[in-house]
Amino acid sequence: MSFHSGYIAIIGLPNAGKSTLLNRLLDKELCIVSNKPQTTRNSILGIRNFEDHQMIFIDSPGWYEGKLKVDSFYREQVTQTIQDADIVIFVLDGTQPQFKQNKNLINLVRSSKNKEIILVFNKIDRLKQAKMIPLLSQIAEDHPDLSEIVPCSARDGHNVDVLLDIIKSKIPEGPELYPDDMYTDKSPSFLMSEFLREAYIKFLDEELPFVLAVVVEDFKDFDTRMEFRISVYVERAGQKAILIGPGGALIHQIKRDSIMRARKFFSKKIVLDMWIKVKPNWRQSESILKQIGYKI
Ligand SMILES: Nc1nc2c(ncn2[C@@H]2O[C@H](COP(=O)(O)OP(=O)(O)OP(=O)(O)O)[C@@H](O)[C@H]2O)c(=O)[nH]1
Ligand SMILES: [Mg+2]
């Protein structure tokens, strides 16, 4: 029996539902999700093992044409993700299917040769059939280079099994690329910092979650317990005060939420020692981005 394996990139605009879809495809809450755009900052591998094939999904940051140093870092991650892939899943928010904003990203995918491109038309739970069908035929007509168009709901899982079958039929023959007990390339430290960011995005208003960086300074893994020492960087002292909250209320809430999430994910007791620190303009400075763990 031959074995099949391949890399499957998941790309699209911010908030399209890429990370929700990846979690569905993996059947695991690996990636953080929120109703605010620009939640994902790093490309993350999620590996799903079957008897005769291995699917290696790559979640990526939403494509955003912002001017900050950090925005070009995110775009670079998307470009790299596409290059690394055998198959590209382009996730389109079906409730806002604007192709104008997707134009540069579509061109980027087109310029990478020899890849199967699957368009996932997502969030169909929020769409009426009658509205969807003409939209889908228009997309098929305008984009003849698409291998498949799959209407899906990443949130409720509708058609995700169909998508898995399509992916399976397209992954090339190849060896097992990762050990069969491995489900991601990311360390527990990385995942813990993501769970913290997810909690901050949930509890803070629009802007603030995006000016913070979570860095794990120390991590210890025991049989039944994980210990993390973490710094959270913000740009100004006023922001630090907000993150701590009156009488430390917010910091306690964030800790409680992310500890619960991590405990469920790792099935271990979680000990979290967390400090908020100020580093002015970290998003603009290459050296600070490097210092806090962004590889540029
Ligand atoms: N109704 C509905 N909502 C969805 C669906 N898929 C994702 N969402 C919601 O859309 C929002 C964005 O989801 P994410 O998975 O974080 O989107 P993303 O594309 O990874 O976003 P970035 O990481 O910011 O680029 C969240 O509120 C999700 O719950 C879907 O199929 N239906
Ligand atoms: Mg995401």
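The rules we used
- Per chain, residue numbering runs from 1 following the sequence as it is written.
- Chain letters start at A and ligand numbers start at 1, both assigned in the order the entries are written.
- This being a predicted model, a pLDDT of at least 70 is required before a residue's local features are given, and a value of 80 or more before pairs of side-chain atoms are given or counted; all residues contribute to the totals for chains, interfaces and linings.
- Hydrogens and water are ignored here; the side-chain numbers use all heavy atoms of the structure.
- Put simply, DSSP H or I for four residues or longer makes a helix, DSSP E for two residues or longer makes a strand, and each gets a number counted from the N terminus.
- Residues count as neighbours in contact if any of their non-hydrogen atoms are within 4.5 Å of one another.
- The near set for a molecule or strand comprises every residue that places at least one heavy atom within 4 Å of it.
- Under the scheme applied here, a residue whose accessible area is under 20% of the maximum for its type counts as buried, over 50% as exposed, and between as partly exposed, the area being computed with a 1.4 Å probe on protein chains only.
- At least two DSSP bridges between two strands are required for those strands to pair.
- Lines are fitted to the C-alpha atoms to define the axes, a helix being fitted only along its stretch in contact, and any angle between axes, read from their N-to-C directions, falls within 0 to 180 degrees.
- Only Phe, Tyr and Trp rings take part, Trp by its six-membered ring, and two of them pair if their centres are within 6.5 Å. Stacked means planes under 30 degrees apart, edge-to-face means over 60, and tilted covers everything else.
- Counted as donors are the N, O and S atoms within 2.8 Å of the metal, or 3.2 Å for Na, K and Ca, while water is not among the atoms, so some sites may look incomplete.
- For the domains described, the bounds stem from an automatic or database domain assignment.
- When two parts are brought into contact, each loses some accessible area as probed by a 1.4 Å sphere; the total of that loss over both is the buried area.
- Any Lys or Arg side-chain nitrogen located within 4 Å of an Asp or Glu carboxyl oxygen qualifies as a salt bridge.
- Polar contacts, as used here, are pairs of N or O atoms within 3.5 Å; protein pairs need one atom able to donate a hydrogen and one able to accept it. Residues neighboring in sequence count only if both atoms are side-chain atoms.

Draft legend 1. Up close: the environment of I254. Looking at where I254 falls in the secondary structure, it is placed in helix α8 (residues 249-266). In the structure, I254 is positioned 160 residues away from G94 in sequence and 32 Å away in space, judged by C-alpha atoms. Among all residues touching I254, those that are not within four sequence positions of it are L196, A199, Y200, F203 and M274.

Draft legend 2. Quick peek at the environment of A262. Within the element layout of this structure, A262 appears in helix α8. Between the C-alpha atoms of A262 and F228, which are 34 residues apart in sequence, the distance is 11 Å. With near-sequence residues (within four places) excluded, A262 lies in contact with M192, F195, S267 and I270.

Draft legend 3. Local environment of the site of ligand 1. Surrounding ligand 1, one finds 22 residues, the nearest of these being K18, T20, Q38, T39 and D125. A total of three residues in the shell around ligand 1 trace back to one element, the largest contributor, which is helix α1 (residues 18-26).

Draft legend 4. Local environment of the side chain of K268. Locating K268 in the fold gives a position in the loop between α8 and β9 (269-278). By relative accessible area, which is 18% here, K268 ends up buried. The residues touching K268, leaving out its near neighbours within four places in the chain, are D221, F222, D223, T224, R225, M226 and R263.

Draft legend 5. Inspection of the sheet that holds strand β8 (residues 225-234) at higher detail. Judged by pairing direction, the sheet is mixed, and its three strands sit side by side in the order β7-β8-β9 without closing on themselves. Two strands in the sheet have a free side with no partner beyond their single neighbour: β7 (213-221) and β9. On average, each strand axis in the sheet is tilted by 20 degrees relative to the strand beside it, whichever way the strands run.

Draft legend 6. Region of the structure containing the packing of aromatic side chains. Following the criterion strictly, the structure yields seven aromatic pairs and no others. An angle of 90 degrees between the planes, with centres 5.4 Å apart, marks the rings of F265 and F266 as edge-to-face. Judged on exposure class, the residue F265 and its partner F266 are both buried. Among the aromatic residues, ring-to-ring pairing joins Y183, F195, F265 and F266 into one connected group.

Draft legend 7. Just the coordination of the magnesium ion (ligand 2), in detail. Only S19 (OG) and T40 (OG1) from the protein reach the magnesium ion (ligand 2) as donors, at distances of 2.0 to 2.1 Å. Of this pair, S19 sits in helix α1 while T40 sits in the loop between α1 and β2 (44-49), and the two are 21 residues apart along the sequence. On the basis of relative accessibility, which here comes to 8%, the residue S19 falls in the buried class.

Draft legend 8. Structural view of the domain arrangement of the chain. According to the domain assignment, the chain contains domain 1 (4-170) and domain 2 (188-291). For domain 1 versus domain 2, the separation of C-alpha centres amounts to 27 Å. In this assembly, 18 residues from domain 1 lie in contact with 21 residues from domain 2. Regarding the contact of domain 1 and domain 2, the summed buried area is about 1700 Å², with carbon and sulfur atoms giving 59% of it. Among the residues domain 1 hides against domain 2, the three largest losses belong to I32, K36 and R41. Together they make up 39% of the total. One can count zero salt bridges joining domain 1 with domain 2. In this assembly, domain 1 and domain 2 are joined by six residue pairs in polar contact (both at pLDDT 80 or more).

Draft legend 9. Just the side chain of D93, in detail. Along the polypeptide, D93 turns up in strand β4 (residues 87-93). Using a relative accessible area of 9% as the deciding quantity, one classes D93 as buried. Side chain to side chain, D93 and T95 meet in a polar contact 2.6 Å long. Setting aside chain neighbours within four positions, we find D93 in contact with N15, A16, N122 and K123.

Draft legend 10. Highlighting the pattern of salt bridges. Enumeration over the complete set of coordinates arrives at twelve salt bridges. Where K170 meets E148, a salt bridge forms, and the shortest distance between an N and an O atom there is 3.5 Å. Linking K170 in helix α5 (residues 160-170) with E148 in strand β6 (residues 148-151), this pair joins segments that are 22 residues apart in sequence. With a relative accessible area of 28%, E148 lands in the partly exposed category. Across the pair D218 and K220 runs a salt bridge, and its minimum N-O distance is 3.4 Å. A relative accessible area of 41% places K220 in the partly exposed class. Linked by salt bridges that have partners in common, E116, E148 and K170 make up one network.

Draft legend 11. Focus on the sheet that holds strand β5 (residues 116-122). With mixed pairing, six strands are arranged side by side in an open sheet as β2-β3-β1-β4-β5-β6. Looking at strand neighbours, the two that pair on one side only are β2 and β6, the edges of this open sheet. Adjacent strand axes in the sheet meet at a mean angle of 25 degrees when their direction is disregarded. Of the pairings in the sheet, the one linking β2 to strand β3 (residues 53-59) comprises six bridges and is antiparallel in character. Considered in β3, the bridge of G46 is made with F57.

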